[in-house]
Amino acid sequence: MKPPLLRKIGGYVFAVVFIFAGWWITAVLVNSPALPTPADAVEVLVANADQLVPYFFTSAYRVIVSLVIGTVLAVPIAHVCARSRTLDTLFAPVLYLLYPIPKVVLLPILLVLFGLADAPKIVLISLTVFFQVLVAVRDAVRAIPESAVVAIRSLGGSRFDEYRHVAVPATMPAVFTSLRIGVGTAIAVLFIAEAMAGSTGLGYYIMQSWSMVNYPRMFAGIIAMALLGVVLYALFDIVERRLTRWR
Amino acid sequence: METQGAHISFSHVSVEFDDGADALTACKDVSFTVEPGQAIALIGPSGCGKSTTLRMASGLLEPSEGTVLVNDEPVVRPRQATALIPQDLGLFPWKTVLQNAALGLTIRKVAKREAQERACQALEQVGLQGFERSYPKELSGGMRQRLALARALAMDADLLLMDEPLSAIDALLRESLQDALLDLWLQRGHTQMLVTHSIEEAVYLGQRILVFSERPGTVVADIANPDMGNPEWRDSMAFAEKCLEIRAVLAGGAR
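Residues numbered from 1 in each chain as written. Chains lettered and ligands numbered in written order. Predicted model: local features only at pLDDT ≥ 70, side-chain atom pairs only at ≥ 80, totals over all residues.

Novice: It is not clear to me how the overall build of chain A should be interpreted in this structure. Could you clarify?
Specialist: Looking only at helices and strands, chain A features 10 helices and 0 strands. Going from the N terminus to the C terminus, chain A shows its helices and strands as α-α-α-α-α-α-α-α-α-α. In chain A, buried positions account for 34% of the 247 residues. In chain A, 73% of the contacts between residues at least 6 apart in sequence involve partners at least 24 apart. (Helix = DSSP H or I, 4+ residues; strand = E, 2+ residues; numbered from the N terminus. Buried ≥ 20, exposed ≤ 12 C-beta atoms within 10 Å, placed from the backbone. Contact = placed C-beta atoms within 7 Å.)

Next up, the structure:
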């Protein structure tokens, strides 16, 4: 029990040291005020914690709510679309055309429609997450072998049983994989949304520091944002492993 | 646990699959009956409609013509007391051994506690006690086979339908699983229909052996096999002779 856990922790410690060492060497080599050393950034991070911590939670709230909304909307639609040939023929091309469009381009319009507070950011990130989860889950539903559905039917199962015992558990890994990958995109979109509009959140903090030409402060914000990504990624990873132990 | 087996009757059953331009006749004018508690084996060349026949008996497929009766009632949907073991066993990788064994009962809305108790009993019967919390991927091929059987047993079925359930199992293990199937049938007395492509398996597990012709499949021979049920039967000369007899009929049907 202990040794694998220790080895894992050791791995992460090594990774942090490796990343910070790389940063440090690069900072020394570049020798520009735009790239402070990790020591400077961490110092500011600690000093500005009273401002950064609330911003961290504001940003976390926006991303998490968006991930939930996007997923809750995408999963049922993906199931219905993938199981009905008519709907799929109708909507697959729509999806195919809309999926590759970067949803960020809608930000200016969303700002006009929803103001400068949380709403436009949540709508934009939800939209991004929605498409990622939709595409992944739709493919996963289509990959379910027909024999699994037949097995449920031969046991006298209803349509509801097909969802409960086959479609939902079979697509669970796809939901979490798309969410894990989606975290990266979601935070990127969050940064742009917060940088462009509003006066709260880590994205705003980073851009504000940049305009103040306070690079250590900017990197403190970047570290906080990176941390947000890591925490969410790890969270989904743990939940995924718990729920899909059968794999 | 003694069960009154189900009665099966196929009369003039034909199945056509309308696949676009050309219709495919899978079975043509299939008629036979199975008495309660009888074990029959269906054998024939691949694509001869023996699996289709089994699907109709299970209620997954309705005939295009003719009638399929189980206990004198037309089969229009899967029956509560019919258990089907499909070729791929129908196990779900995301369910534990216990959940897989209890699934038939869960779907029939049996109370969770009772379902688990019955599933545990069935797992014990097939020698899988201690594996309740494992997942199918952690089991060997033979154990998975036993799990599929346990699911059928837990349902306390009066009709057990099997579609080449042992085809993916190596020869030695196969014989021990055949013994397990035979034991359970002798103990429980359910009606049993086994689709197989193995002559030896048909002779070992079929009180009657129905030989199907090539497509469109129909019953070309209904061979009585009264010595079946005796575990030493497999090593006897009579068993070998029976196999030769079936082989001859199959060769004749293929001409």
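Novice: I would appreciate a short explanation of the interface of chain A and chain B in the present structure.
Specialist: In many analyses, interface size is given as the accessible surface area lost on bringing the parts together. Each partner contributes residues to the interface: chain A has 14 residues there, and chain B has 16 residues. Of all the secondary structure elements, the ones that give two or more residues to the side of chain A that touches chain B are α7 (146–154) and α8 (159–196) of chain A. Per-element accounting of the side of chain A that touches chain B gives the leading share, 6 residues, to α7(A). The residue inventory of the side of chain A that touches chain B, partitioned by class, reads 7 nonpolar, 5 polar and 2 charged. (Nonpolar A, V, L, I, M, F, W, Y, C, P; charged D, E, K, R; others polar.)

Novice: How should the domain arrangement of chain A be read in this particular structure?
Specialist: For chain A, the domain assignment lists domain 1 (1–31) and domain 2 (39–243). On a C-alpha basis, the centroid separation for the pair domain 1 of chain A and domain 2 of chain A is 27 Å. (Domains from an automatic or database assignment.)

Novice: In this structure, what is going on with the domain arrangement of chain B? I would like to understand it.
Specialist: Residue and element names in this part refer to chain B. Domain boundaries in chain B define domain 1 (8–81 + 157–254) and domain 2 (92–156). The distance between the C-alpha centroids of domain 1 and domain 2 comes to 25 Å. Contacts between the two partners involve 11 residues from domain 1, matched on the other side by 10 residues from domain 2. Among the elements that line the side of domain 1 that touches domain 2, the one with the most residues is helix α5 (residues 171–188), at 4 residues. Across the side of domain 1 that touches domain 2, the residue classes tally to 10 nonpolar, 1 polar and no charged.

Novice: What is the right way to read the environment of B:R208 from this model?
Specialist: Residue and element names in this part refer to chain B. Here R208 is to be found in strand β9 (residues 208–212). Taking the C-alpha atoms as reference points, R208 and I8, separated by 200 residues in sequence, lie 14 Å from one another. Excluding anything up to four places from it in sequence, R208 contacts Q38, I40, D222, I223, A224 and N225.

Novice: What am I meant to see in the nonpolar core here?
Specialist: Membership of the largest hydrophobic core comes to 130 residues, with the highest contact counts inside it found for A:V133, A:V137, B:A101 and B:A150. In this structure, A:V137 is in contact with A:A74, A:V75, A:A78, A:T171, A:A174 and A:V175, ignoring residues within four places of it in sequence. (Core = buried A, V, L, I, M, F, W, Y, C linked by C-beta atoms within 7 Å.)

Novice: Would you mind showing me how to read the packing of helix α5 (residues 107–114) of chain A against helix α6 (residues 118–142) of chain A here?
Specialist: A pair of packed helices is characterised by two quantities: the angle between their axes and the separation of those axes. All names here are of chain A. α6 packs onto α5 with a crossing angle of 140° between their chain directions and a minimal axis gap of 8 Å. In terms of orientation, α5 lies oblique with respect to α6. You can see that α5 and α6 cross each other, and the crossing is right-handed. Note on element contacts: α6 touches α5 through A119, P120, V123 and L124, opposite L107, L110, L111 and F114. The residue makeup of the contact of α5 with α6, split by class, is 8 nonpolar, no polar and no charged. (Axes fitted to C-alpha atoms, helices over the stretch in contact; angles between N-to-C directions. Parallel < 35°, antiparallel > 145°, perpendicular 65-115°, else oblique. Left-handed = near helix turned anticlockwise from the far one by under 90°.)

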